[in-house]
Amino acid sequence: MSTTAQPKDEVPVKPANYRRLTDDDLFRHSSQYRFWSFIPDQLKQKRIELNAQAVASTEENLRKFMIENKDYLGDEELKTLEEKAVPVNMDEEVKLVNFYAKKVQAIAQRLNLPTEIIATAITFFRRFFLENSVLEIEPKAVVFTTIFLACKSENYFIGIDSFAAKTKGSKTEILKYEFKLLESLKFCLMNHHPYKALHGFFLDIQVVLHGKVDLKYMGQIYDRCKRRITNALLTDVVYFYAPPQITLAVLMLEDEALTTRYLELKFHGNTESENPSTGVSINFDKLISMINSCKDMIENASSVPVEEAKEIMAKVLYSRNPQVLLNKLKRKNSSENPEDSPDKRLKT
Amino acid sequence: MEYTKEKKVGEGTYAVVYLGTKQSTSRRIAIKEIKTSEFKDGLDMSAIREVKYLQEMQHQNVIELVDIFMASENLNLVLEFLPSDLEMVIKDKSILFTPADIKSWMLMTLRGVHHCHRNFILHRDLKPNNLLIAPDGQIKVADFGLARTMPLAHELLTSNVVTRWYRAPELLFGAKHYTSAIDVWSVGVIFAELMLRIPYLPGANDVDQMEVTFRALGTPTDKEWPEVSTFPSYNKLQIYPPPSREELRRRFIAASENALSLMRGMLTMNPQKRWDAVQCLESAYFKEAPAPTEPSAIKM
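Residues numbered from 1 in each chain as written. Chains lettered and ligands numbered in written order. Predicted model: local features only at pLDDT ≥ 70, side-chain atom pairs only at ≥ 80, totals over all residues.

Caption draft 1: Layout of the overall build of chain A. Of the regular secondary structure elements, chain A holds 19 helices and two strands. A total of 348 residues make up chain A; the buried ones form 33% of that total. Of the contacts formed within chain A by residues at least 6 apart in sequence, a portion of 77% connects residues at least 24 apart. (Helix = DSSP H or I, 4+ residues; strand = E, 2+ residues; numbered from the N terminus. Buried ≥ 20, exposed ≤ 12 C-beta atoms within 10 Å, placed from the backbone. Contact = placed C-beta atoms within 7 Å.)

Caption draft 2: Quick look at the pairing of strand 2 (residues 15–22) of chain B. Residues and elements named next belong to chain B. Across seven bridges, the pairing between strand 1 (residues 3–11) and strand 2 is antiparallel. Looking across to strand 2, one finds that glutamate 11 is bridged to valine 16. Taken together, strand 1 and the strand that follows it, strand 2, pair antiparallel across an intervening segment of three residues. Direction of pairing for strand 2 relative to strand 3 (residues 27–34): antiparallel, over a ladder of eight bridges. Pairing of tyrosine 18 across the sheet is with isoleucine 31, part of strand 3. Between strand 2 and strand 3, which pair antiparallel one after the other, the connecting turn spans four residues, and serine 26 there sits at a positive phi close to 60°. (Pairing = 2+ DSSP bridges.)

Caption draft 3: The domain arrangement of chain A, seen in detail. Residues and elements named next belong to chain A. Each assigned domain of chain A is listed here: domain 1 (36–185) and domain 2 (194–270 + 282–300). Look at where the C-alpha atoms of domain 1 and domain 2 centre, and you get two points 32 Å apart. Every contact between the two is made by 15 residues of domain 1 and, on the other side, nine residues of domain 2. Every element with two or more residues in the side of domain 1 that touches domain 2 is listed here: helix 3 (40–68), helix 5 (90–110) and helix 6 (115–131). In terms of residue count, helix 6 provides more of the side of domain 1 that touches domain 2 than any other element does, six residues in total. (Domains from an automatic or database assignment.)

Caption draft 4: Highlighting the confidence of the model for chain A. All names here are of chain A. When pLDDT is averaged across chain A, the result is 89; 89% of the residues are at 70 or more. Taken element by element, chain A is modelled with least confidence in helix 19 (residues 342–347), mean pLDDT 48, and with most confidence in helix 13 (residues 237–240), mean pLDDT 98. For the stretch residues 1–8, pLDDT sits under 50, and the model shows 15 contacts to residues farther than four places along the chain or on other chains. For residues 344–348, every residue scores under 50 in pLDDT, and the model assigns this stretch three contacts once sequence neighbours within four places are set aside. (pLDDT = per-residue confidence, 0-100.)

Caption draft 5: Inspection of the UniProt feature "active site" (unreviewed entry) in chain B at higher detail. Residues and elements named next belong to chain B. Per the UniProt record, "active site" (unreviewed entry) is found at Asp125. Looking at the secondary structure, you find aspartate 125 in the loop between strand 7 (121–122) and strand 8 (131–133). A count of 19 C-beta atoms within 10 Å places aspartate 125 in the partly exposed class. In contact with aspartate 125, other than residues within four places in its own chain, are Asn130, Asp143, Leu146, Val161, Val162 and Thr163. (UniProt positions renumbered as here; feature names shortened; annotations may be inferred.)

This is how it looks when you write it as structure tokens:
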């Protein structure tokens, strides 16, 4: 038995084959990577299947409705149903979810929640609708629920009474889908958002470009990048790229010259050569092309106009509740003033 | 029903634990039924933390979350079946264990804790009672009801975490910011307890805990822990000198020098100087003889 004491600060000698898990290895073990990262075709397929199933069951219900009510349905009614009670397609679903994801963001911001919690709420909401079709559960019904669960999950507890009062929501409605949400999230609550990576790059840029960047300017782009990240979380890049990759894309959007110079100094020197401390090798050209495709995807994301969202919502409403459409038609025929318009519903 | 609940084995403030079986595989499991009905705020925070962190970790020394289901308004966590824990072993005086057994338990515990830390998770309630033992002798870090993600630099935290006897000095001082070093401290206290077979720092209350801790390990000063004296409760403290190596040797008779160094590293007052889980795992203690006992060969 050895009797020499190991001094506190001595660095133990490492064996020749010593290798630690890299951050990449760890990220690949995260639930975010295992359950919620996709290649584009996978994601598309997932959405197509989800929509197809919901459309099939909606159409089945519509057929049943028409059979049950065939004695009351005249030509005009049938024509209206055919035109307006149409289940939404996959693109429309995605648009509607993105429209409401922005609402989640706006409401969470109005509640003055910290950036990370807003990000988590957006993430939860969008993931929920990768598992559930808007034809099955109205997006509106889970907006508050996702914010409420995001707060709890990020250790920012707000009691249901206080939360309901702040959002003017109903307690029962907020809690109704909470377990369904947790289940749809595949019980994955941990989120790695790109803000932490932003903080890291922000510090590293100042080290790598020491004396060549203005600190005040860095502070400004930091804040702007934070906002850009939140917007990127509303796009599909979150499913295709790791958080630091998204951060680099956002930095590139913010200041291409600065970011390129930083990356050149940081990585060009060791193209294809392995960093001995991390065991990671990064190919500069591959890195740049990856960042650029992520950047393009963020840049090209279009926001959904309110009018279009309303039209999609009307389709959802009428295809799920054909009676509503017929009632509306009846009222329209008897008066000029339709009350139960989808416009009104959307505003609440 | 895929899972049966056969026997109630424990009841805490927020959960009841049952032993049961997974029908399709006949695997023995434990079911933690969360008393949701008593929480009007929907899914309970402790349950959310447990789900959140266990879902991220698949490691031999971290308890496995097998499944989650909802039944009659209650959330149920299906966990791997772990018949024993380190507290039971320490207390059962009929069990004799060797320094090699202790080394094995320390190694497994530190591996589990290190896995939490490299995943940016603080456990915040390490104690013998939360180090469960599998039928094959593996230690499993369990009970993530108090866990949290590693805080950002500006985040304020509650210091009211960790069971008293295992609470690091920065928590005793009421620090609003702390790191994974608090978990390492707890493991250090557990290490001492394994060697002594009685609790090492059994404070009777929060004030006494400081007294007991500093009497055993010395009151920290600004010299080794800059600005420690600015904590509000500091000026009421009795100043004790740190124990000499000789005093430690006398207290921990069976401990090797490397074992004492490891313990001292984990029980360093200044959290910034305290050893982290990697330093602990790389300590000479684990490389010297006796080699840690094969977990399945530990006699219990």
